[in-house]
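Summary of the model geometry
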Amino acid sequence: MNGLDMLCFGAHPDDVEIGMGGTVAKHASAGLRVGICDLTRAEMSSNGTVEERQAEAAEASAALGLASRSCLGLPDRGLSGTAGQIEAVVREIRAHRPRIVFAPYWDDRHPDHNSCSRIVEEAVFNAKLRRYLPDAPPVQVEQLVFYYINDVKDAGLVVDVTGCYERKRRALAAYRSQFEPVAQGSDRVATPLNRRYVENVEARDRLLGASRQWTYAEGFILKRPFAVERF
C-alpha cells in the first residue's frame with residue numbers, strides 16, 4: 001500500500017472537516033494522498049447514532065476525495081492518553097507512513113480536542129523510535145501541524161481554500177445529525193452545533209481569508225519551525 005502524503009487526526013468524525021476540510025480537498029484534488037483517522041466513534045454525541053455518524057463520515061470522505069479513512073474506536077470522552085491509546089496512534093502512523101501529520105490545536109474549548117492533540121504529538125515522537133513497538137518499522141514524520149476546530153489563536157500559517165470551498169461545504173453538510181437545525185417534534189436536541197455552527201465556521205474562514213485578500217482560508221500553527229530552501 002502506498003503511503004499517505006498527509007494524515008489528519010481528529011477526536012471525532014467531523015473534526016477534521018470543520019478545521020481543515022478545504023485544505024484536505026485542495027491537496028486531494030492536486031493528486032496527493034490524504035487520509036483521516038478519527039480516534040473515537042463519537043458515541044457520546046447528543047445527536048446521531050454511531051452508525052449514522054459512520055455513514056456521514058463516509059459521505060464526507062467522498063466529498064473531500066480521501067485516499068483513506070479509519071476509526072480507532074477509542075472511548076469518546078475517555079481520551080486519557082494511556083500507553084495503549086498512544087500505541088494505537090503510533091501503529092496508524094506506521095501503517096500509513098505519512099509525510100505530514102495534522103492534529104487539533106492544543107488549546108480548544110473541547111477537552112477531547114486537546115487530548116487528541118497531546119496523544120498525536122506523543123505518537124509522532126514515539127513513531128520514530130526503533131525500539132518502541134519493534135514489530136513495526138519506525139517512521140520519521142517530516143512535520144506535525146496543528147489545525148483549529150473552535151478557537152483560532154495566533155495562526156502562523158494560512159492556506160487559500162477559496163477554489164475548493166464548496167467541497168468543504170458538502171463535507172460538512174454530510175453531518176446532518178450534527179449540524180441540521182432541529183425540527184419541531186424531532187427527537188434530536190438543540191446543541192451549539194445545530195445553532196448556525198457551520199455558518200460560524202464559514203465566517204471564521206472568510207475572516208482568515210481576508211487577512212491575505214482571499215475569499216476563504218484555513219489557519220494552522222506549528223511548534224517546530226517549518227523548513228524551506230528559499231523564499
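What comes next is a walk through the structure. (Residues numbered from 1 in each chain as written. Predicted model: local features only at pLDDT ≥ 70, side-chain atom pairs only at ≥ 80, totals over all residues. Heavy atoms only, no water.)

The next subject is the side chain of Glu218. Here Glu218 shows up in strand 7 (residues 217–222). Polar side-chain contacts of Glu218 include one of 3.3 Å to the backbone nitrogen of Gly21. Among the polar contacts made by the side chain of Glu218, one reaches the side chain of Lys168 at a distance of 2.8 Å. Apart from the residues lying within four places of it in its own chain, the contact partners of Glu218 are Gly19, Met20, Gly21, Gly22, Thr23, Leu157, Val158, Val159, Val161, Lys168, Asp205 and Leu208. (Helix = DSSP H or I, 4+ residues; strand = E, 2+ residues; numbered from the N terminus. Polar contact = N/O pair within 3.5 Å; in protein donor to acceptor, adjacent residues only side chain to side chain. Contact = heavy atoms within 4.5 Å.)

So, about the layout of surface pockets. Considering only enclosed or pocket space, the largest pocket measures out at about 570 Å³ in volume. Looking at the largest pocket, it is lined by 26 residues, and the ones nearest its centre are His110, His113, Asn150, Leu193 and Tyr197. Breaking the lining of the largest pocket down by element, the ones donating at least two residues are helix 1 (15–29), helix 4 (111–127) and helix 7 (197–210). With four residues, the single largest contributor to the lining of the largest pocket is helix 7. Quantified by volume, the second largest pocket comes out at close to 260 Å³. (1 Å grid on protein atoms, 1.4 Å probe; cavity = no way out; pocket = protein on both sides within 12 Å on 5 of 7 lines; lining within 4 Å. Points joined across faces, edges and corners; volume = space filled by probe spheres on them.)

Attention now goes to the packing of helix 5 (residues 165–173) against helix 7. Closest axis-to-axis distance for the helix 5/helix 7 pair is 11 Å, and the angle between their directions is 160 degrees. Taken together, the axes of helix 5 and helix 7 lie roughly antiparallel to each other. Like other packed secondary-structure pairs, helix 5 and helix 7 cross with a definite hand, here right-handed. Contacts between helix 5 and helix 7 pair Tyr165, Lys168, Arg169 and Leu172 from the former with Val198, Val201, Glu202, Arg204 and Asp205 from the latter. Here the residues of the contact of helix 5 with helix 7 sort into four nonpolar, no polar and five charged. (Axes fitted to C-alpha atoms, helices over the stretch in contact; angles between N-to-C directions. Parallel < 35°, antiparallel > 145°, perpendicular 65-115°, else oblique. Left-handed = near helix turned anticlockwise from the far one by under 90°. Nonpolar A, V, L, I, M, F, W, Y, C, P; charged D, E, K, R; others polar.)

Sizing a probe to match a water molecule and rolling it over the atoms shows the empty space that remains. In this structure the tally under the stated criterion is one cavity of 30 Å³ or more. When its volume is computed, the largest cavity comes out at roughly 40 Å³. As for the largest cavity, its lining consists of Tyr165, Lys168, Arg169, Leu172, Val198, Val201 and Glu202. If you list the elements that add at least two residues to the lining of the largest cavity, you get helix 5 and helix 7. Ranked by residues supplied to the lining of the largest cavity, first place goes to helix 5 with four residues. Here the residues of the lining of the largest cavity are counted per class, giving four nonpolar, no polar and three charged.

Here His12 shows up in the loop between strand 1 (6–10) and helix 1. Looking at His12, the relative accessible area reads 7%, which means it is buried. Looking at His12, its side chain comes within polar contact range of the side chain of Asp112, at 3.0 Å. Leaving out residues up to four positions away in the same chain, His12 has contacts with Asp38, Thr40, Ala42, Arg53, Asp76, His110, Asp112 and His113. (Buried < 20%, exposed > 50% of the residue type's maximum accessible area, 1.4 Å probe, protein only.)

At a minimum axis separation of 8 Å, helix 2 (residues 50–64) and helix 5 run at an interaxial angle of 170 degrees. In terms of axis orientation, helix 2 runs roughly antiparallel to helix 5. Two secondary-structure elements touch here, helix 2 through Ala60, Ala63 and Leu64 and helix 5 through Arg167, Arg170 and Ala171. Its residues assigned to classes, the contact of helix 2 with helix 5 comprises four nonpolar, no polar and two charged.

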